[in-house]
Amino acid sequence: MNAVKGLLDFLARFITDYSPTHVACCWDDAWRPSWRVGLVPSYKEHRVVRADGAGGWVEEVPEELTGQVPWIRATLEALGLPIVGAADHEADDVIATLATVASGPVDVVTGDRDLFQLVEDARGVRVLYVGRGVSRHERVDEAWLQAKYGITGAGYVDFAVLRGDPSDGLPGVKGIGEKTASSLIARYGDLDGIVANAATLSPGVQRSLSAAMDYLGPAREVVTAVRTLDLPAVDLSLPAAPRDPELFAALAEELNLGGSAERIVAALASAATAPS
Ligand code: MN
Ligand code: MN
């Protein structure tokens, strides 16, 4: 049950380091929603194994992980760490909605750059980006985005649309790379501003953009995380101890969770007593 242990260690690490008051484990109820595929057919296409026969797609996932998913869900439930998902939407959309309605600061823990679009210093929303590993995770705020890409959180969507993102099958605008994308957004604000000022751009960039006009609008909709989901009311407050200690102990034994079980229990206790 390495995936269960890995997830518990991951959670213990972030809960210990950041002492959150609330935690939500956001789920891909759909990893490749058909409405996004309808907008940009290549979206995540390279990760599809086959159609699932119910209008969706089976994702390429290591088989040993698939078998552990029910155990992951059961363990999180026993701990009292709620799983939140939404039909026909990705975890990205759930995270975006929760971050939008949150009254306090939010740390989004993810290895997905798409969520850089949520970064907003004024509301205390940042991303703890684990793309290069948990121990080397980066705290992505507006200064980080500025230094790395020369954009704001709000500019990330249009930046990604222009540059493209091979990890999601997003082609980008042919002929426009990261540098040009970032300088265009810095200069004109967003895609609308760039298109409106197309006549002032270099002939090469003008040609690239006009060849991609049918892609820009749909791609923007694909990359934009939905912030307005109607989510069930769930208590996200972090428990000081497993909510169902007997079930958790039984799972720890059954799954041989060992030190990982001890570490998550210690993490919950430490967050509960940490000064806020
Ligand atoms: Mn992504
Ligand atoms: Mn994503």
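Structure shown above.
## Brief notes about the overall build of the protein
Turning to step 1, where the next piece is worked out: When helices and strands are counted, the protein shows 13 helices and seven strands.
Turning to step 2, where the next piece is worked out: Since a compact globule built from 276 residues should have a radius of gyration of about 19 Å, the 21 Å found for the protein is in line with a globular shape.
Turning to step 3, where the next piece is worked out: Its C-alpha atoms give the protein principal-axis dimensions of about 65 × 50 × 35 Å.
Turning to step 4, where the next piece is worked out: Considering the protein as a whole, with its 276 residues, one finds that 41% of them fall into the buried category.
Turning to step 5, where the next piece is worked out: If you take every contact in the protein between residues at least 6 apart in sequence, the share linking residues at least 24 apart comes to 65%.
Turning to step 6, where the next piece is worked out: If you sum the accessible surface of the protein, you get close to 13900 Å²; carbon and sulfur atoms cover 53% of it.
Turning to step 7, where the next piece is worked out: Across the protein, the mean location of the 24 positive side-chain charges is 8 Å away from that of the 38 negative side-chain charges.

## Some remarks on the coordination of the manganese ion (ligand 2)
Turning to step 1, where the next piece is worked out: Listed as protein donors to the manganese ion (ligand 2) are Asp 92 (OD), Asp 112 (OD) and Asp 114 (OD); their distances from the metal cover 2.1 to 2.2 Å.
Turning to step 2, where the next piece is worked out: All donors of the manganese ion (ligand 2) come from a single chain, and their spacing in sequence reads D-x19-D-x1-D.

## Details of the environment of Leu 268
Turning to step 1, where the next piece is worked out: Residue position: Leu 268 is located in helix H13 (residues 258–273).
Turning to step 2, where the next piece is worked out: Note: C-alpha distance between Leu 268 and Ile 15 (253 residues apart in sequence) is 7.0 Å.
Turning to step 3, where the next piece is worked out: Not counting residues within four places of it along the chain, the set of residues in contact with Leu 268 comprises Ile 15, Leu 79, Leu 81, Leu 238, Pro 239, Ala 240, Ala 241 and Pro 242.

## Description of the pairing of strand E6 (residues 125–129)
Turning to step 1, where the next piece is worked out: Of all five residues in E6, four are buried; the element is thus mostly enclosed.
Turning to step 2, where the next piece is worked out: In this sheet, E6 lies alongside strand E5 (residues 106–110) in parallel orientation, the contact comprising five bridges. Within E6, the residue paired with Val 108 across the bridge is Val 127.
Turning to step 3, where the next piece is worked out: Bridge count between E6 and strand E7 (residues 138–140): three bridges; the pairing is antiparallel. Across the sheet, residue Leu 128 finds its bridge partner in E7, namely Arg 139.

## A closer look at the packing of helix H1 (residues 2–18) against H13
Turning to step 1, where the next piece is worked out: Where H1 meets H13, the axes come as close as 8 Å, and the angle between the chain directions of the two elements is 25 degrees. As judged from the angle between their axes, H1 and H13 are roughly parallel. Between H1 and H13 the crossing geometry is left-handed. The segment H1 lies against H13, with Lys 5, Leu 8, Asp 9, Leu 11, Ala 12, Ile 15 and Thr 16 engaging Ser 260, Arg 263, Ile 264, Ala 267, Leu 268, Ser 270 and Ala 271.
Turning to step 2, where the next piece is worked out: Class assignment of the residues belonging to the contact of H1 with H13 gives a composition of eight nonpolar, three polar and three charged.

## Let's talk about the nonpolar core
Turning to step 1, where the next piece is worked out: If you look at the biggest cluster of nonpolar residues, it comprises 44 residues, and the most contacted ones within it are Phe 116 and Leu 162.
Turning to step 2, where the next piece is worked out: By residue number, the principal contributor to this core is helix H7 (residues 156–163), which donates six residues.
Turning to step 3, where the next piece is worked out: Beyond its immediate chain neighbours, meaning those up to four positions away, Phe 116 contacts Val 127, Tyr 129, Val 140, Trp 144, Leu 145, Tyr 149, Gly 153 and Tyr 156.
Turning to step 4, where the next piece is worked out: Among the nonpolar cores identified, the runner-up in size contains 24 residues, and Leu 8, Ala 12, Val 23 and Phe 248 belong to it.

## A short note on helix H12 (residues 245–254)
Turning to step 1, where the next piece is worked out: Of the positions making up H12, those classed as buried are Phe 248, Leu 251 and Ala 252. In an axial view of H12, the angular spread of the buried residues amounts to 100 degrees, which keeps them on one side of the axis. Turned more than 90 degrees from where H12 packs its buried face, Glu 246, Glu 253 and Glu 254 sit exposed.
Turning to step 2, where the next piece is worked out: Each element contacted by the buried residues of H12 is listed here: helix H4 (69–79) and H13.
Turning to step 3, where the next piece is worked out: With its phi angle positive at about 60 degrees, Asn 256 sits one or two positions after the end of H12.

## Considerations on the coordination of the manganese ion (ligand 1)
Turning to step 1, where the next piece is worked out: For the manganese ion (ligand 1), the full set of protein donor atoms is Asp 112 (OD), Asp 114 (OD) and Asp 168 (OD), and the range of their distances to it is 2.3 to 2.6 Å.
Turning to step 2, where the next piece is worked out: For the manganese ion (ligand 1), all donor residues lie on one chain, and their spacing in sequence is D-x1-D-x53-D.
Turning to step 3, where the next piece is worked out: Between the manganese ion (ligand 1) and the manganese ion (ligand 2), both coordinated by Asp 112, there is a metal-metal distance of 3.4 Å. Here Asp 168 lies in the loop between H7 and helix H8 (178–188) and Asp 112 lies in the loop between E5 and E6, a separation of 56 residues in the sequence.

Here is what the cut-offs are and how they apply
Residues numbered from 1 in each chain as written. Chains lettered and ligands numbered in written order. Predicted model: local features only at pLDDT ≥ 70, side-chain atom pairs only at ≥ 80, totals over all residues. Heavy atoms only, no water. Helix = DSSP H or I, 4+ residues; strand = E, 2+ residues; numbered from the N terminus. Rg over C-alpha atoms; globule rule 2.2 N^0.38 Å. Buried < 20%, exposed > 50% of the residue type's maximum accessible area, 1.4 Å probe, protein only. Contact = heavy atoms within 4.5 Å. Areas by Shrake-Rupley, 256 points an atom, 1.4 Å probe, with all protein chains shown as cover. Lys, Arg positive; Asp, Glu negative; His and termini not counted. Charge placed at Lys NZ, Arg CZ, Asp CG, Glu CD. Donors = N, O, S within 2.8 Å, 3.2 Å for Na, K, Ca; no water. Pairing = 2+ DSSP bridges. Axes fitted to C-alpha atoms, helices over the stretch in contact; angles between N-to-C directions. Parallel < 35°, antiparallel > 145°, perpendicular 65-115°, else oblique. Left-handed = near helix turned anticlockwise from the far one by under 90°. Nonpolar A, V, L, I, M, F, W, Y, C, P; charged D, E, K, R; others polar. Core = buried A, V, L, I, M, F, W, Y, C linked by side-chain atoms within 4.5 Å. Arc of directions from axis to C-beta.

This is a description of form; function is not addressed.
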